[in-house]
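Descriptive analysis of the structure
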Amino acid sequence: GAVVSQHPSRVICKSGTSVKIECRSLDFQATTMFWYRQFPKKSLMLMATSNEGSKATYEQGVEKDKFLINHASLTLSTLTVTSAHPEDSSFYICSARTGSAKNIQYFGAGTRLSVL
Amino acid sequence: SQKIEQNSEALNIQEGKTATLTCNYTNYSPAYLQWYRQDPGRGPVFLLLIRENEKEKRKERLKVTFDTTLKQSLFHITASQPADSATYLCALETGSGYALNFGKGTSLLVTP
């Protein structure tokens, strides 16, 4: 149980385009989803916390207009990187927590974004 | 500021030995601490959670200790196998909405 699906796994795009990443909880309802970013050989950096039906809470230094998060249902959250630039190239990972095992996060497989 | 420190150097051990990874933290008063495993190009996978009132927790070949006085957790893998090779991450709550802060992780390589 507690499977999180993230798509796409890899995306290559031109500078200036927008990219949408989907995160779905397949067998549970995710009251909260989280979005992280990870650079090579670095730790996961929390970008934002997303609660269903409400605005996302962004961490300090993360541009909310650049990284649009929508959590429209209890099983789906999306991250849109708007007007992507090469410096946005990174590994983006989502996670979700259930209502029962509140402290544990279940992670997607990640999305490797490369902006040319 | 809050910090989570893990040994950044890779740990190389021989198959069958016990691997011990360290997680130290500062400026946290955690109610619990978590360990995750991350394989290259993949998202982390939850392994164990230990609460502040638990000194030790076990799951199969895994053992975690939690010393809130030393502000340290130790993660042990006994009878290690090459399949245990991965990066192991220590995580603590940020204090806001169950979000987690992660250490940089320790890379473990188990050789036959």
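Now for a look at the structure at hand. The structure displayed is predicted, hence computed values, not measured ones. (Residues numbered from 1 in each chain as written. Chains lettered and ligands numbered in written order. Predicted model: local features only at pLDDT ≥ 70, side-chain atom pairs only at ≥ 80, totals over all residues. Heavy atoms only, no water.)

Taken as a whole, this structure holds two disulfides over all chains when the rule is applied. Each disulfide pairs two cysteine sulfurs, and for Cys23(A) the partner residue is Cys94(A), the sulfurs being separated by 2.0 Å. When the S-S torsion is 80°, as for the bridge of Cys23(A) with Cys94(A), the disulfide is right-handed. Here Cys23(A), found in strand β3 (residues 19-25), pairs with Cys94(A), found in strand β9 (residues 90-97); they are 71 residues apart in sequence, far enough to count as distant. For the pair formed by Cys23(A) and Cys94(A), the shared burial category is buried. A disulfide bridge connects Cys23(B) with Cys90(B), and the sulfur atoms are separated by 2.0 Å. Looking along the S-S bond of the Cys23(B)-Cys90(B) disulfide, the torsion reads about -60°, which is the left-handed sense. Of this pair, Cys23(B) sits in strand β3 (residues 19-26) while Cys90(B) sits in strand β9 (residues 86-93), and the two are 67 residues apart along the sequence. (Disulfide = S-S within 2.5 Å. Helix = DSSP H or I, 4+ residues; strand = E, 2+ residues; numbered from the N terminus. Buried < 20%, exposed > 50% of the residue type's maximum accessible area, 1.4 Å probe, protein only.)

What follows deals with the pairing of β3(A). All names here are of chain A. Only one face of β3 is buried: it carries Val19, Ile21, Cys23 and Ser25, and the other face, with Lys20, Glu22 and Arg24, is open. Where strand β1 (residues 4-7) and β3 come together, four bridges link them in antiparallel fashion. Looking at the pairing, histidine 7 lines up with glutamate 22 of β3. (Pairing = 2+ DSSP bridges.)

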